[in-house]
Amino acid sequence: MTALVDLSRRPGGTFALFAVTLLCLVAIAAPLIAPYGPNAIAPASRLMDPSLQHWLGTDQLGRDILSRLIFGARVALGISLSVIAISLTAGVALGVGAALSPRAVDLVIVGIFDIVTSFPSIILALALVAVFGPGLGNVVLLVSIVFIPHFGRVARAQTIAIRNSPFIEAEKVLGAETWRVILHHVTPNIIGPIFVLACMDIPVVITIEAGLSFLGLGVRPPLASWGNLLNDGYTYLDQSPWLATFSGLSLMLATLGFALLGEALRDTLDPKLRKNL
Amino acid sequence: MRSASLQIHLAFKLTTALLAVAGSVVLLLTLTRLIPGDPATVILGSRATPEAVAALNARIGLDKPLIEQVFAFFRRLFSGDLGQDVFNGRPVLGLVLGALPNTAALAISAMLCAIAFGVPLALLSARRPGGRVDRLVAFLSVGFISTPSFVVSVFLLMVFSVTLRWFPVLGAGESGDLGDQLWHLVLPTAALAAGWIGYIARLLRSSLLEMLGENHIRTLRAYGVSEAKILMKYALKPAVLPTVAVVGMGFGELLGGAVFAEVIFNRPGLGSLIYDAIRTRNYPVVQGGVFVIVLLYVLTNLIADLSQSLIDPRERARLASGRGQ
C-alpha cells in the first residue's frame, strides 16, 4: 500500500496507475461491459458516426467500435503479459545459467544474445513472422524470442555482481545445492531490476504486437486487436475517421500508461535514480 | 603505446561487429530452413512440379548443408550477389540498392528533425529542473517516446493529408523534382522523428543536470557567469557526448522502424520492400533486405561506439592508459 502511495506521488504516477488500472478492469470485465459482441456484424449500419446506439461509431462491417476496443484491451494485455512471462522466465534462466556456468557456456549464451540483438526488434519480429506465419500463438512465441536477451543480459549482469558475495559463498560452503542457491538466494536478489524492466517492456510489446497486426502479420482478423482495428481505420480513413482515431488513442493510452508506470516504479525502487529524473 | 591501445580497441570492436553480422547470417539462413513444410513448395504452391521445387531449392541454396550455405552466402556477397527474386529473377542487391536511398533519406531527415527539436527542449527543461516547463517537457517526452510511430503516421495522414489537404497523401514524389520529394518527406519524417525527439530531450536533460552539478560549473556561477552562458557554452558540449552515441545507435533503429512510415505513406524503401516480400513469401528478398538492415544497424552502432571513444577526451585517456577492454 505504501509503495502504491509512493508510486502515485512520482511524476506521471497517478495517470499511470489510473490508465493501467482502467485497462486491466476493462480487459477483465470485457464481456460484461461491452454493449455488443466484438464480431456482431450489422451491414446496414456500417461506418456510422458516434451516436447513442454506438458511442464510438461502427466499422466497415457495422461492428460496434467500442465493443471491439474493449475486447482489444484483452488481446493487447493478454499477449503482452504472456510475452513478458515467457521471455522473463527464459531470459532469467539463460542469464543466471550463463553467469553460473563455465566460461565456454557463458560465451555461447552471450553470443546468441548478441546475434539476436544485432537485429532491430521490429525487423527480427518481421523475419520470424515471415518464416512461421502470423496468428495469435505464433505472435506470442516469436515476440517472446525478441525479448529474451533483454532479460537475459540483465539477469546475467546481476548474477555476476552477486555470485561471489559472502552470503552465496556461505551457502555453498554449507553444502547447498546449486538449484537451491539459484532459487533461494540469486533469484530474489536480482528480480527487482528485472521486474522494472518487465514493466518498461510491456508498452514495447504492445507496440510490436499492434504493429505486426497493423501490417496484417500479427493477430488474424476477426479477432479484435488494436493493430487490426487501426488497419481497418487506415483503410477507410477517407470515409470515417472514428475507427483510426479511437484505436490509435487506445494504443496511446496503454503504451503511455505502462511507460509511465515503469518509470515511476523504477524511481520508487531505485532511490539512486531519483536525483536525475 | 597510445596508438597501439587504440588499435587494439578498434580491432576488438570491429571483430565483435563482424561476428554479430556473421551470426545474423547464420540465424537468417537457419530460419529459412525452419519454414514449416518445404520453402520452395511454400513459394511455388502445392501444384508445383517436383522438378520446379528441386530447382528452386537449389537456387535458394537449400540443397546444401547449412554451413556450406553460409560460406556460399558470403562468397556470393563478396562478388556482389545477394540472390535473385524468386518471381522475376531480378538480383536482390539491385532491389535493395534501389530502395536504400529512400529509406536513408527518411532516416536522416527524421534524425535531423529529432535533434532540431530535442536539443532545445532539453535546454528549456534543464534551465529550471522541476519547474512547469520541465514537467511539461518530461510528460511530452514520455508521450512522444511511448506513442507507436504507426499511430503517429496514421494521425498525421488523417489530419494533414485527408482533412486539411496540406500534404500529399501517398508516395515519395516525382522523380527528379527535389521540392516535391521533400514535400512528400515531411509527414513520414515527423512520424518517425516524434519518438526520438522525446529520447533526445530526456537524455540530454539528464546529462545537462549532471553536468550543471559539477564543481567547475559551481566555480563559474561564483564568478557571476550567466546561467544561459553556462548552459550553452560550458555544460552543453560535454553533456552532448552520451547523446551522440544514442543518436548514432538510433539511426540504425530508424532504418528498421521506417517500415511503418513506408507502408502507411506508400513510400518505396527497404522497409516496404521487405514487407512486400514477406507477403508474397519471396524469401531471398526478405533475407537480402533484412541482412542489409542488420549490416547497417551493426555498422551505425559500431561508428557510434567508436566516435564516442574518439570524441570524449576521458575515454581517449582511458584507452591510452591501456584500460581499453
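As a reminder, the structure under discussion sits directly above these lines.
As the structure is a computational prediction, the values presented were derived from the model and not from experiment.

Undergrad: Explain the packing of helix H10 (residues 227–264) of chain B against helix H12 (residues 283–311) of chain B to me, please; I cannot follow it from the model alone.
TA: Residue and element names in this part refer to chain B. Between H10 and H12, the least distance of the axes is 8 Å, while the angle of their chain directions is 175 degrees. The pairing of H10 with H12 is recorded here as roughly antiparallel in orientation. Of the residues in H12, those in contact with Leu241, Pro242, Val244, Ala245, Gly248, Met249, Phe251, Gly252, Glu253, Leu255 and Gly256 of H10 are Ile293, Leu296, Tyr297, Thr300, Asn301, Ala304, Ser307, Gln308 and Ile311. Of the residues assigned to the contact of H10 with H12, the class counts are 12 nonpolar, seven polar and one charged.

Undergrad: For this particular structure, what's the right way to read the packing of helix H6 (residues 121–132) of chain A against H12 of chain B?
TA: The relative placement of two packed helices is expressed as an angle between their axes plus a distance between the axes. Running from N to C, H6 of chain A and H12 of chain B point in directions that differ by 165 degrees, and their axes come no closer than 11 Å. It follows from the interaxial angle that H6 of chain A and H12 of chain B lie roughly antiparallel. Every pair of crossing elements has a handedness; the one defined by H6 of chain A and H12 of chain B is left-handed. Here Ile123, Ala127 and Ala130 of chain A of H6 of chain A lie close against H12 of chain B, whose contacting residues are Tyr283, Val286, Val290 and Ile293 of chain B.

Undergrad: In this structure, what is going on with the pattern of salt bridges? I would like to understand it.
TA: Two side chains bearing opposite charge may form a pair once their charged atoms approach each other closely. Counted according to the given criterion, the structure contains 12 salt bridges over all chains. The partner of Asp106 of chain A in a salt bridge is Arg156 of chain A, and the shortest N-O contact between them spans 2.7 Å. Of this pair, Asp106 of chain A sits in helix H5 (residues 103–117) while Arg156 of chain A is found in helix H7 (residues 136–162), placing the two residues 50 residues apart along the sequence. For Arg205 of chain B, the salt bridge identified is with Asp134 of chain B, shortest N-O distance 2.7 Å. Linking Arg205 of chain B in helix H8 (residues 178–212) with Asp134 of chain B in helix H6 (residues 132–146), this pair joins segments that are 71 residues apart in sequence. Taking the relative accessible area as the measure of exposure, Arg205 of chain B reaches 13% and is therefore buried.

Undergrad: Please clarify how the packing of aromatic side chains should be interpreted in this entry.
TA: The description of an aromatic ring pair rests on the distance of the ring centres and on the angle between the ring planes. Applying the stated criterion across every chain, the model contains 11 aromatic pairs over all chains. Ring geometry for Phe15 of chain A versus Phe139 of chain B: centroids 6.2 Å apart, planes at 85 degrees, classification edge-to-face. With Phe15 of chain A in helix H2 (residues 13–28) and Phe139 of chain B in helix H6, the pair connects residues from two separate chains. Grouping aromatic residues by their ring pairs yields a cluster made of Phe214 and Tyr234 of chain A together with Phe150 and Phe260 of chain B.

Undergrad: Would you explain the nonpolar core in this entry?
TA: If you look at soluble globular proteins, the nonpolar side chains tend to sit buried side by side. Core analysis: the largest hydrophobic core is formed by 168 residues, its most contacted members being Phe150, Leu208 and Val290 of chain B. Those residues in contact with Phe150 of chain B, other than ones at most four positions away along the chain, are Thr207, Ala210, Gly211, Phe214, Leu230 and Leu251 of chain A together with Phe260 and Ile264 of chain B.

The rules behind the values
- Residues numbered from 1 in each chain as written.
- Chains lettered and ligands numbered in written order.
- Predicted model: local features only at pLDDT ≥ 70, side-chain atom pairs only at ≥ 80, totals over all residues.
- Heavy atoms only, no water.
- Axes fitted to C-alpha atoms, helices over the stretch in contact; angles between N-to-C directions.
- Helix = DSSP H or I, 4+ residues; strand = E, 2+ residues; numbered from the N terminus.
- Parallel < 35°, antiparallel > 145°, perpendicular 65-115°, else oblique.
- Contact = heavy atoms within 4.5 Å.
- Nonpolar A, V, L, I, M, F, W, Y, C, P; charged D, E, K, R; others polar.
- Left-handed = near helix turned anticlockwise from the far one by under 90°.
- Salt bridge = Lys/Arg side-chain N within 4 Å of Asp/Glu carboxyl O.
- Buried < 20%, exposed > 50% of the residue type's maximum accessible area, 1.4 Å probe, protein only.
- Phe/Tyr/Trp six-rings, centres within 6.5 Å; stacked < 30°, edge-to-face > 60°.
- Core = buried A, V, L, I, M, F, W, Y, C linked by side-chain atoms within 4.5 Å.

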